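Residues per chain, in single letters:
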Amino acid sequence: MDDSKEKEFQLIQDILDGQQDRYRILVDRYASMVFSIVGKFVNRKADREELAQQIFVKTYERLDSFKKQSKFSSWLYTLARNHCLDYAKNIRRENKEFGEMESHELEANMKVEDLPDDDIEEQEQKVILEKALSVITPMYAEAFLMKYRDNMTYKAMAKRLDANEGALKVRVHRARKELKDYINQYD
């Protein structure tokens, strides 16, 4: 075991042994990684900060479940990603359905009279794609976005998600299928 990994395991053990003030070291060390993950799920700064804080609280509460069989960063990444996926799922459940929107909300969301026709069509396509990505299976949407929005290779995705490349290719394929099925409903 390398020295840095051993030091990190000792830091975790110190925290578990009652030195809670040392948890700040882990937070400082992994804040940028957690904010990077959170940034893929929410746009507003306040939402990113709240979600990151929830992740660090959950990490602290579950620190004793870290079994030191992998790197702490991998364990934290998985915990953060799963927390964000759950958050995204809950947000979709809480959002109003299109049919439930008040008429003034619809009008406010559809103010496009100043846009040329091509821009209107492009705007409509973006809205449909965003809606489709929010309703398809979250793990498929995540793989699809990493592949096409973030231009990641399957190898990089596999490392980031701790999954094999074949499984990720299947997820991207299924995402495309689910997106196609959803978008075909609009045609």
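Attention now goes to the overall build of the chain. When helices and strands are counted, the chain shows nine helices and zero strands. Within the chain, buried positions represent 31% of all 187 residues. Contacts in the chain between residues far apart in sequence, at least 24 positions, make up 57% of those at least 6 positions apart. Accessible area for the chain stands at about 12,600 Å²; split by element, carbon and sulfur atoms hold 47% of it.

Along the chain, Arg81 turns up in helix H4 (residues 72-94). Setting aside anything within four residues of it in sequence, one finds Arg81 in contact with Ile37, Phe41, Glu142, Leu161 and Arg171.

Attention now moves to the pattern of salt bridges. Scanning the entire structure with this criterion turns up seven salt bridges. Asp28 serves as the salt-bridge partner of Arg24, at 3.0 Å between the closest nitrogen and oxygen. Within this pair, Arg24 and its partner Asp28 are both found in helix H2 (residues 23-39), separated by four residues, close to a single helical turn. Where Glu142 meets Arg81, a salt bridge forms, and the shortest distance between an N and an O atom there is 2.9 Å. Here Glu142, found in helix H7 (residues 138-148), pairs with Arg81, found in helix H4; they are 61 residues apart in sequence, far enough to count as distant.

With that out of the way, let us pick up the packing of helix H1 (residues 3-16) against H2. Two packed helices can be described by the angle between their axes and the distance between those axes. Where H1 contacts H2, the axes come no closer than 9 Å and their chain directions differ by 135°. Here H1 lies oblique to H2, going by the angle between them. From H1, Glu8, Leu11, Ile12 and Ile15 reach across to H2, where they touch Tyr23, Ile25, Leu26, Arg29 and Tyr30. Classifying every residue of the contact of H1 with H2 gives seven nonpolar, no polar and two charged.

Moving on: the layout of surface pockets. Considered as a void within the structure, the second largest pocket measures approximately 250 Å³ in volume. Looking at the second largest pocket, the residues that line it are Met33, Ser36, Ile37, Lys71, Ser73, Ser74, Tyr77, Lys159, Arg160 and Asp162. Elements with a minimum of two residues in the lining of the second largest pocket: H2, H4 and helix H8 (154-161). Tallied by class, residues from the lining of the second largest pocket come to three nonpolar, three polar and four charged.

To continue, consider the side chain of Arg171. Of note, Arg171 is situated in helix H9 (residues 165-184). No salt bridge forms around the buried Arg171; measuring N to O, its nearest opposite-charge neighbour Glu142 is 5.1 Å away. Excluding residues that lie within four positions of it along the chain, Arg171 makes contacts with Arg81, Met139, Tyr140, Ala143, Leu161 and Ala163.

Think of a pair of aromatic rings as described by two things: how far the centres are apart, and how the planes are tilted against each other in angle. Inspection of the entire model under this criterion finds seven aromatic pairs. Ring plane angle 55° and centroid distance 5.4 Å describe the contact between Tyr30 and Phe72, whose orientation is recorded as tilted. Placement of Tyr30 in helix H2 and of Phe72 in helix H4 is noted, with a sequence separation of 42 residues between them. Phe72 matches Tyr30 in its accessibility class, with the two residues each being buried. Grouping aromatic residues by their ring pairs yields a cluster made of Phe9, Tyr30, Phe66, Phe72 and Trp75.

Here we come to the confidence of the model for the chain. The predicted model of the chain has a mean per-residue pLDDT of 79, with 80% of residues at 70 or higher. The spread of mean pLDDT over the elements of the chain runs between helix H5 (residues 103-109), the lowest at 47, and helix H3 (residues 45-61), the highest at 91. Ignoring residues within four places in sequence, the model shows residues 96-107, a span with pLDDT below 50, making four contacts including any to other chains. Segment residues 109-116: pLDDT under 50, and three contacts once partners within four positions in sequence are set aside and those in other chains are kept.

Calculation criteria
Residues numbered from 1 in each chain as written. Predicted model: local features only at pLDDT ≥ 70, side-chain atom pairs only at ≥ 80, totals over all residues. Heavy atoms only, no water. Helix = DSSP H or I, 4+ residues; strand = E, 2+ residues; numbered from the N terminus. Buried < 20%, exposed > 50% of the residue type's maximum accessible area, 1.4 Å probe, protein only. Contact = heavy atoms within 4.5 Å. Areas by Shrake-Rupley, 256 points an atom, 1.4 Å probe, with all protein chains shown as cover. Salt bridge = Lys/Arg side-chain N within 4 Å of Asp/Glu carboxyl O. Axes fitted to C-alpha atoms, helices over the stretch in contact; angles between N-to-C directions. Parallel < 35°, antiparallel > 145°, perpendicular 65-115°, else oblique. Nonpolar A, V, L, I, M, F, W, Y, C, P; charged D, E, K, R; others polar. 1 Å grid on protein atoms, 1.4 Å probe; cavity = no way out; pocket = protein on both sides within 12 Å on 5 of 7 lines; lining within 4 Å. Points joined across faces, edges and corners; volume = space filled by probe spheres on them. Lys, Arg positive; Asp, Glu negative; His and termini not counted. Phe/Tyr/Trp six-rings, centres within 6.5 Å; stacked < 30°, edge-to-face > 60°. pLDDT = per-residue confidence, 0-100.

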